[in-house]
Amino acid sequence: MEPSDKREDTEEVLPPPPPPSVIPPDRVGVPVNPEHTSESVKKAMLPKRVPVSRRGFGSRGQKIQLLTNHFKVGISNAGGHFFHYSVALSYEDGHPVEMKGVGRKIMDKVLETYDTELSVKDFAYDGEKSLFTVGALPNNKLEFTVVLDSVSSKRSNVVSRNTDNGNPNGNESPDGADRKRLRRASQSKTFKVDISFAAKIPMQAIASALRGQESENSQEALRVLDIILRQHAAKQGCLLVRQSFFHDNPRNFTDLGGGVLGCRGFHSSFRATQGGLSLNVDGSTTTIIQPGPLVDFLIANQDARDPFQLDWSKAKRTLKNLRIKVKPSNQEYRIVGLSENLCKEQLFALKNRGNDDAEGFEVTVYDYFVNHRKIELHYSGDLPCINVGKPKRPTFLPIELCFLVPLQRYTKALTVHQRTTLVERSRQKPQEKMMILTDVMKTNNYEADPLLRSCGISISTQFTQVEGRVLPAPRLKAGNGEDLIARNGRWNFNNKRLAEPSKIKNWAAVNFSARCDTRGLCRDLARVGETKGIFIDPPIDIFEENPQFRRAPPMVRVEKMFEQMKPHLPDGPPHFIVCLLPDRKNSDIYGPWKRKCLAEFGIFNQCLAPGRVNDQYLMNVLLKINAKLGGLNTLLAIEPSRSIPLVSKVPTIIFGMDVSHGSPGQSDIPSVAAVVSSRCWPLISRYRASVRTQSPKVEMIDSLFKPVSDKDLGIIRELLLEFYVSSGQTKPTQIIIFRDGVSESQFNQVLNIELDQIIEACKFLDEKWNPKFTIIIAQKNHHTKFFQAGSQDNVPPGTVIDSKVCHPTHYDFYMCAHAGMIGTTRPTHYHVLLDQIGFSADDMQELIHSLSYVYQRSTNAISIVAPVRYAHLAATQVSQFIKFDDSSETSSSHGSLTSVGGPPVPELPKLHDKVCSSMFFC
């Protein structure tokens, strides 16, 4: 492969390919006997499944004209090439540069210093090890040496501490011009930069991707375009978080409390669509540290009165790796820890200036800054120092001289209050979002970017017009076969009963010190329930928590409550308990209480954190209770009439699959995988769940099929047996799988790893069983939005889009099944990976639309199919059964459970037989 048409005689050429392997003549090939091939090799030999192509477009529903936040991209240089080069950065001594963020500064200096050697060619640098140009550099291998007068990483224009204290001894270039370039300031570092040719990427690959001919080249070409935009944002001083960019502008900040700010920015990525190449631009939000005085951040973070009340062991974990500027020098450092002693007591050796042979003397950090540097310190003397040095050479600084630099991400778990505030402040109405995105497209000024110009790339600033269709809401049935009419994606039970109301007998109520009239609440619950067909006997007893245990640990409080209840329940635990919690969200009692009830005793239960209690609130509570106890609140009219295309005529099971991970910054908390499945076919409104733990942050579910000896202990077997029992001794001949939480790069794993596990689970039950599969990915984590031109409202519920902004050939579509009441509606992006059942485009879209109306916890359509939402609820609830160590505040504070020799992943307690088949997660 020739990286350049023009070659110099002195240019290094690429090494030739290795010679073909030669089989010695005395060796004889042995044919492989398939019978002797191992199972793993057989699997590797099988053809891999790939996502199916689109079979057609939907036509049902009322057409609607919409706008979307995709901006059309034109390419005039489609015959050109991107050239990919590998970049290696090192210090003078050959050690690699590992400090994050400094790479861009080094490469900017290379371009500034060696513009002639680079043929004045602009490049796109990804900040790490890859560099891209339009057209080739003069040579396949280039070596440069640069000097940075300030080695600050990221976005601050400050200089770093010089640890060399002398002139450089680094390698110098041979000629005088290069020596002139290397003239150093007193605060400087020398870096070596090696650039070597790696690959040639034709821009024509983008056009091929638009025709559906995707390849590694097309993915790389789009990646190059994304890197160009990242670099464009980096030059503007933005914080870069993957493909999202955040400016240091206080207008974009919102105070979340605890020294944490919400920061609004924007996301951008190039997408191949049916309408051509487009740039998808959307709002984005991250969390950052409050810049400014370091001590102010710590006081806010710990909600302390003053710095003398701070927990310094917690502060040490919080501050590690944060970047600070130090007054008055304005130099930048990275925090590595704290001093063991207070500033007035922390000693270090101070050498006499100009006399290296003379012995130094010890001085405290406080005395050095006050008496030698003549810097006035008001309160640092009685606080620990900030350590910004190396393990064997600590460097201590008084805390009041330290100031946090802007745009540093806060990656630890947010509190409930912080998370709620962030969500509320991030919401934008459709027209507000359109105005902001229009402004982003203007201010980004992409047409001025020299690399985009050399690519022949032009980006429109106008929203793309698309055509959608609004599907009619499915008919619902309430009690006594009465119709429920959904308007704007919502309905109510005024003067109607629930479809299948349950009866509540043998129940009790407990109150964990919530301020509430417990008896009055129980009476009101029975009164409202009776109007909806749920007949509730008086509770057998009401238990108020003993005040002496209010401050006890959560597990102790739960144990004491059960001890308090036991003497009053001679016939054993009740069938159902209403539990009143004192905290509205994330009560510490919730997890231990659920575990005690569901795993140990098999007690159905409903937790409440009552604030304002009215009939509407109690109605919503009764919806959850009825579903948990086996009732149904609503049914689709097409369920009992058996008129769901391809589902009602043949035994069909529906799976919803999701994995719940620990909070950001907690890498040692096991992930929890949940699969829910439909039961009682031909209904598609009843579900049950099976939940397992697995290694932290692992998205692929590894326990779908789990052979142990001659048994299968996996999730799928459990759910298939439940379907068989609840559906009249019938095995499903069709399996529909809805999978949440996976990115496009993981589609093949779902198709070839998870599906293989499910097939093996089926074969384990019956070797001759060959059900048909349909696999659909449901994505909420994307950045495509839709708007009605000239309207303040969101798109109507039931809106589906399967053209223009969808994939050129893959089978995908967007659906807004719900009515967006707050902010801008986020559609669900559905990808059909496999469809052996053979749905038409219209039947597939209507099935998914209908499954958004069978969610038993509410009286409105939801944004994603109910089985996926249930899987998420089950994983989230059961994950709280285990009391995980919550001291992990940073991703590096504990070893990962996936590391070699790490502790095994703790297993979840098994649900009691009385509740395991129920919708306990509602």
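Since we're looking at a predicted model, the values are computed, not measured.

Trainee: It is not clear to me how the environment of Glu 600 should be interpreted in this structure. Could you clarify?
Mentor: Along the chain, the position of Glu 600 falls in helix α14 (residues 590-601). Residue class for Glu 600 comes out partly exposed when judged on its relative accessible area of 46%. In the structure, Glu 600 is positioned 311 residues away from Leu 911 in sequence and 7.6 Å away in space, judged by C-alpha atoms. In this structure, Glu 600 is in contact with Arg 595 and His 912, ignoring residues within four places of it in sequence. Side chain to side chain, Glu 600 and Lys 596 meet in a polar contact 3.1 Å long.

Trainee: Got a minute to help me understand the confidence of the model for the protein chain in this structure?
Mentor: Reading predicted coordinates in detail is not appropriate for stretches of low pLDDT. Per-residue confidence for the protein chain gives a mean pLDDT of 86; residues scoring 70 or more make up 87%. Note that pLDDT drops below 50 for residues 1-38; the model gives that stretch 27 contacts with residues more than four away or on any other chain. Scored below 50 in pLDDT, residues 153-186 shows 75 contacts in the model against residues more than four places distant or in partner chains.

Trainee: Just checking my understanding: could you explain the pattern of salt bridges for this structure?
Mentor: This model, assessed by the stated rule, comprises 32 salt bridges. Here Asp 282 and Lys 785 are joined by a salt bridge, their closest N and O atoms 2.7 Å apart. Of the two residues, Asp 282 is situated in strand β12 (residues 276-289) and Lys 785 in the loop between β39 (772-779) and β40 (786-787); the sequence distance between them amounts to 503 residues. There is no split in this pair, since Asp 282 and Lys 785 are both buried. Across the pair Arg 527 and Asp 524 runs a salt bridge, and its minimum N-O distance is 3.7 Å.

Trainee: Hey, could you run me through the environment of Gly 265 in this one?
Mentor: Among the secondary structure elements, Gly 265 is positioned in strand β11 (residues 260-273). Along the chain, Gly 265 and Phe 253 lie 12 residues apart, while their C-alpha atoms are 9.6 Å from each other. Not counting residues within four places of it along the chain, the set of residues in contact with Gly 265 comprises Phe 245, Phe 246, Asp 282, Gly 283 and Ser 284.

Trainee: What am I meant to see in helix α16 (residues 715-726) here?
Mentor: With 12 residues, α16 extends 17 Å between its outermost C-alpha atoms, agreeing within 8% with the 16 Å of an ideal straight helix rising 1.5 Å per residue. Residues of α16 that are buried: Ile 715, Ile 716, Leu 719, Leu 720, Glu 722, Phe 723 and Ser 726. Around the axis of α16, the buried residues are gathered within 160 degrees of arc, so they sit on the same side. On its buried side, α16 packs onto β33 (652-660), β34 (671-678), β35 (687-694) and α17 (747-765).

Trainee: Any chance you could explain the nonpolar core here in plain terms?
Mentor: Among soluble globular proteins, nonpolar side chains are generally buried collectively. In terms of nonpolar packing, the biggest core is built from 88 residues, with Tyr 870 and Phe 921 touching the most fellow members. Among the elements that make up this core, the one with the highest residue count is helix α19 (residues 866-879) (eight residues). Not counting residues within four places of it along the chain, the set of residues in contact with Tyr 870 comprises Val 676, Tyr 687, Val 854, Tyr 855, Gln 856, Met 919, Phe 921 and Cys 922. The next biggest cluster of nonpolar side chains, apart from the first, holds 40 residues, and it includes Val 260, Tyr 333, Leu 383 and Leu 397.

Trainee: It is not clear to me how the packing of helix α12 (residues 518-531) against helix α15 (residues 615-628) should be interpreted in this structure. Could you clarify?
Mentor: Two numbers describe a pair of packed helices, the interaxial angle and the distance between the axes. Packing of α12 against α15 leaves a shortest axis separation of 9 Å and a crossing angle of 75 degrees. Considered as vectors, α12 and α15 are oriented roughly perpendicular to each other. Two secondary-structure elements touch here, α12 through Asp 524, Leu 525, Arg 527, Val 528 and Gly 529 and α15 through Asp 615, Leu 618, Met 619, Val 621, Leu 622 and Ile 625.

Trainee: Can you help me understand the pairing of strand β43 (residues 828-835) in this one?
Mentor: In regular strands, side chains alternate between the two faces of the sheet. Of all eight residues in β43, eight are buried, a share of seventy percent or more. As defined by bridge partners, β39 adjoins β43 across six bridges and the pair is classed as antiparallel. What sits directly across from Thr 774, in β43, is Asp 835. Across four bridges, strand β42 (residues 812-816) lies against β43 in antiparallel orientation. The partner of Phe 813 across the bridge, within β43, is Tyr 830.

Trainee: What is the right way to look at the sheet that holds strand β41 (residues 799-801) in this model?
Mentor: The pairing of strands in a sheet happens through backbone hydrogen bonds and is either parallel or antiparallel. Strand order across the open sheet formed by 11 strands is β35-β34-β33-β38-β39-β43-β42-β41-β23-β1-β40, with mixed pairing between neighbours. Edge positions in the open sheet fall to β35 and β40, since each of these has one partner strand only. Where β41 lies against β42, three bridges are found, and the strand directions are antiparallel. In the strand pairing of β42, Val 800 is matched with Met 815. Packed on one face of the sheet, α16 meets β33, β34 and β35 and runs near 170 degrees to β35.

Trainee: What am I meant to see in the side chain of Asn 794 here?
Mentor: Relative to the helices and strands, Asn 794 resides in the loop between β40 and β41. By relative accessible area, Asn 794 is classed as buried at 10%. One polar contact links the side chain of Asn 794 to the main-chain carbonyl oxygen of Gly 823, over a distance of 2.9 Å.

Trainee: Is there a simple way to think about α14 in this case?
Mentor: Because an α-helix packs 3.6 residues into every turn, residues spaced three or four apart end up facing the same way. Here α14 spans 16 Å end to end across 12 residues, near enough to the 16 Å set by a 1.5 Å rise per residue. Every buried residue of α14 is listed here: Tyr 590, Gly 591, Pro 592, Trp 593, Lys 594, Lys 596, Cys 597, Leu 598 and Ala 599. Elements in contact with the buried residues of α14: β27 (507-511), α13 (554-565), β30 (576-580), β31 (604-608), α15 and α19. Phi turns positive one or two residues past the end of α14, at Gly 602, with a value near 70 degrees.

Trainee: Would you mind going over the side chain of Thr 364 with me for this structure?
Mentor: By secondary structure assignment, the location of Thr 364 is in strand β18 (residues 361-364). On the accessibility criterion, Thr 364 (10% relative accessible area) is buried. Here Asp 367 takes part through its backbone nitrogen, which lies 3.0 Å from a polar atom of the side chain of Thr 364. Apart from residues lying up to four places away in sequence, Thr 364 is in contact with Cys 343, Lys 344, Glu 345, Gln 346, Leu 347 and Phe 348.

Trainee: Quick question: what am I supposed to make of the pairing of strand β5 (residues 130-134) here?
Mentor: Taken across its five residues, β5 has five buried, putting it largely inside the fold. Side-chain alternation along β5 places Ser 130, Phe 132 and Val 134 on one buried face and Leu 131 and Thr 133 on a second face that is also buried. Bridge count for strand β3 (residues 81-91) against β5 is five bridges, and the pairing is antiparallel. Bridge pairing in β5 links Ser 86 to Ser 130. Pairing geometry for strand β4 (residues 123-125) and β5, over three bridges, is antiparallel. Considered in β5, the bridge of Ala 124 is made with Phe 132. The antiparallel pairing of β4 with β5 creates a hairpin that spans four residues between the two strands, and Gly 127 there sits at a positive phi of about 90 degrees.

Trainee: Whenever I open this one, the state of the cysteines confuses me. Can you help?
Mentor: Here, the word disulfide means a covalent bond between the sulfur atoms of two cysteines. With the rule as written, the count across this model stands at zero disulfides. With no disulfide partner, Cys 402 has as its closest neighbouring cysteine sulfur the one in Cys 385, 9.0 Å distant.

Trainee: Just to check I follow, could you spell out the packing of aromatic side chains for this structure?
Mentor: Within a pair of aromatic rings, the relevant descriptors are the distance that separates the centres and the angle that separates the planes. According to the stated counting rule, one finds 21 aromatic pairs in the structure shown. Ring centres of Tyr 687 and Tyr 870 lie 5.6 Å apart, and the angle between their planes is 50 degrees; this geometry places the pair in the tilted category. Here Tyr 687, found in strand β35, pairs with Tyr 870, found in helix α19; they are 183 residues apart in sequence, far enough to count as distant. Tyr 870 sits in the buried class, given a relative accessible area of 0%. Judged by centre distance (5.5 Å) and plane angle (70 degrees), the ring pair of Phe 786 and Tyr 814 falls under edge-to-face. Of the two residues, Phe 786 is situated in strand β40 and Tyr 814 in strand β42; the sequence distance between them amounts to 28 residues. Accessibility assignment for this pair places Phe 786 and Tyr 814 in one class, buried. When the ring centre of Phe 403 is taken as origin, the NZ or CZ atom of Lys 327, which lies over that ring, is 4.2 Å away.

Calculation notes
- By convention here, each chain's residues receive numbers from 1 onward along its written sequence.
- Local features in this predicted model are restricted to residues whose pLDDT is 70 or higher, and side-chain atom pairs enter the listing and the counts only when it is 80 or higher, whereas totals over whole chains, interfaces and linings include all residues.
- Only hydrogens and water are set aside when side-chain values are computed; all heavy atoms of the structure are taken into account.
- A run of H or I in DSSP becomes a helix once it reaches four residues, and a run of E becomes a strand once it reaches two; helices and strands are each numbered from the N terminus.
- Only protein chains enter the area calculation, which uses a 1.4 Å probe; residues under 20% of their type maximum are buried, those over 50% are exposed, and those in between are partly exposed.
- By the convention used here, residues are in contact when the closest approach between their heavy atoms is within 4.5 Å.
- By the criterion applied in these results, polar contacts are pairs of N or O atoms within 3.5 Å in which, for protein atoms, one can donate a hydrogen and the other can accept it, and in which residues neighboring in sequence qualify only through two side-chain atoms.
- Residue-level confidence of the predictor is what pLDDT reports, using numbers from 0 through 100.
- For salt bridges, the criterion is a side-chain nitrogen of Lys or Arg within 4 Å of an Asp or Glu carboxyl oxygen.
- A helix is expected to span 1.5 Å multiplied by its residue count minus one.
- By construction, the arc corresponds to the directions joining the helix axis to the C-beta atoms.
- Side-chain atoms within 4.5 Å are what join buried Ala, Val, Leu, Ile, Met, Phe, Trp, Tyr and Cys residues into a set we call a nonpolar core.
- Throughout, an axis means a line fitted to C-alpha atoms (over the contacting stretch in the case of helices), and angles, computed between N-to-C directions, take values from 0 to 180 degrees.
- Each angle gets one of four labels, with under 35 degrees taken as roughly parallel, over 145 as roughly antiparallel, 65 to 115 as roughly perpendicular, and the rest as oblique.
- One bridge is not enough; two strands pair if DSSP finds at least two bridges between them.
- Sulfur atoms of two cysteines make up a disulfide when they are within 2.5 Å.
- Note on ring pairs: Phe, Tyr and Trp rings are taken, using the six-membered ring of Trp, and paired if centres are within 6.5 Å. Classes follow the plane angle, with under 30 degrees stacked, over 60 edge-to-face and the rest tilted.
- When the NZ atom of lysine or the CZ atom of arginine is within 6 Å of a ring's centre and also within 35 degrees of its normal, the charge is said to sit over that ring.

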